[in-house]
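# Secondary and tertiary structure notes
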Amino acid sequence: MIKIDRDLCIGCGACVAICSEVFEIDKNGKSRIKQQKNTSCVDKAIKSCPVGAITK
Ligand code: SF4
């Protein structure tokens, strides 16, 4: 299961840019899971998150 630590998330948008199928920025300016889907872009998003907020 993909998770985002919303306390860590700074809303940079990198995960959404890389994997918009799974991540979206919500109205609070933080990333949320749009769809639980284990595609290869999830791993790229995990690596690109500057604060290490995404885990699975
Ligand atoms: S890449 Fe990390 S810090 Fe940036 S929006 Fe996504 S979860 Fe938040």
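The rules behind the values
- Residues numbered from 1 in each chain as written.
- Predicted model: local features only at pLDDT ≥ 70, side-chain atom pairs only at ≥ 80, totals over all residues.
- Heavy atoms only, no water.
- Near = heavy atom within 4 Å.
- 1 Å grid on protein atoms, 1.4 Å probe; cavity = no way out; pocket = protein on both sides within 12 Å on 5 of 7 lines; lining within 4 Å.
- Sits in = over half its atoms within 2 Å of the grid points.
- Nonpolar A, V, L, I, M, F, W, Y, C, P; charged D, E, K, R; others polar.
- Core = buried A, V, L, I, M, F, W, Y, C linked by side-chain atoms within 4.5 Å.
- Buried < 20%, exposed > 50% of the residue type's maximum accessible area, 1.4 Å probe, protein only.
- Helix = DSSP H or I, 4+ residues; strand = E, 2+ residues; numbered from the N terminus.
- Polar contact = N/O pair within 3.5 Å; in protein donor to acceptor, adjacent residues only side chain to side chain.
- Contact = heavy atoms within 4.5 Å.
- Points joined across faces, edges and corners; volume = space filled by probe spheres on them.

The environment of the ligand is formed by Cys9, Ile10, Gly11, Cys12, Gly13, Ala14, Cys15, Ser31, Cys49, Pro50, Val51 and Ile54. Among the detected pockets, the ligand sits in the largest cavity. By residue class, the composition of the shell around the ligand is nine nonpolar, three polar and no charged.

We now examine the nonpolar core. By size, the foremost hydrophobic cluster in this structure holds 14 residues, and its most contacted members are Ile2, Cys19, Val22, Phe23 and Ile54. Looking at this core element by element, the count peaks at three residues for helix H2 (residues 40-48).

Attention now moves to the side chain of Asp26. Looking at the element boundaries, Asp26 is found in the loop between strand E2 (23-25) and strand E3 (31-33). Here the side chain of Asp26 touches Asn28 through a polar contact of 2.8 Å, landing on its backbone nitrogen. Leaving out residues up to four positions away in the same chain, Asp26 has contacts with Arg6 and Arg32.

On to empty space enclosed by the protein. What the rule picks out here adds up to one cavity of 30 Å³ or more. Taken as a whole, the largest cavity spans an internal volume of roughly 100 Å³. Together, 15 residues line the largest cavity, and Cys9, Cys12, Cys15, Ser31 and Cys49 are the ones closest to its centre. Of the residues belonging to the lining of the largest cavity, the class tally is 12 nonpolar, three polar and no charged.

Honestly, it's all geometry; don't read function into it.
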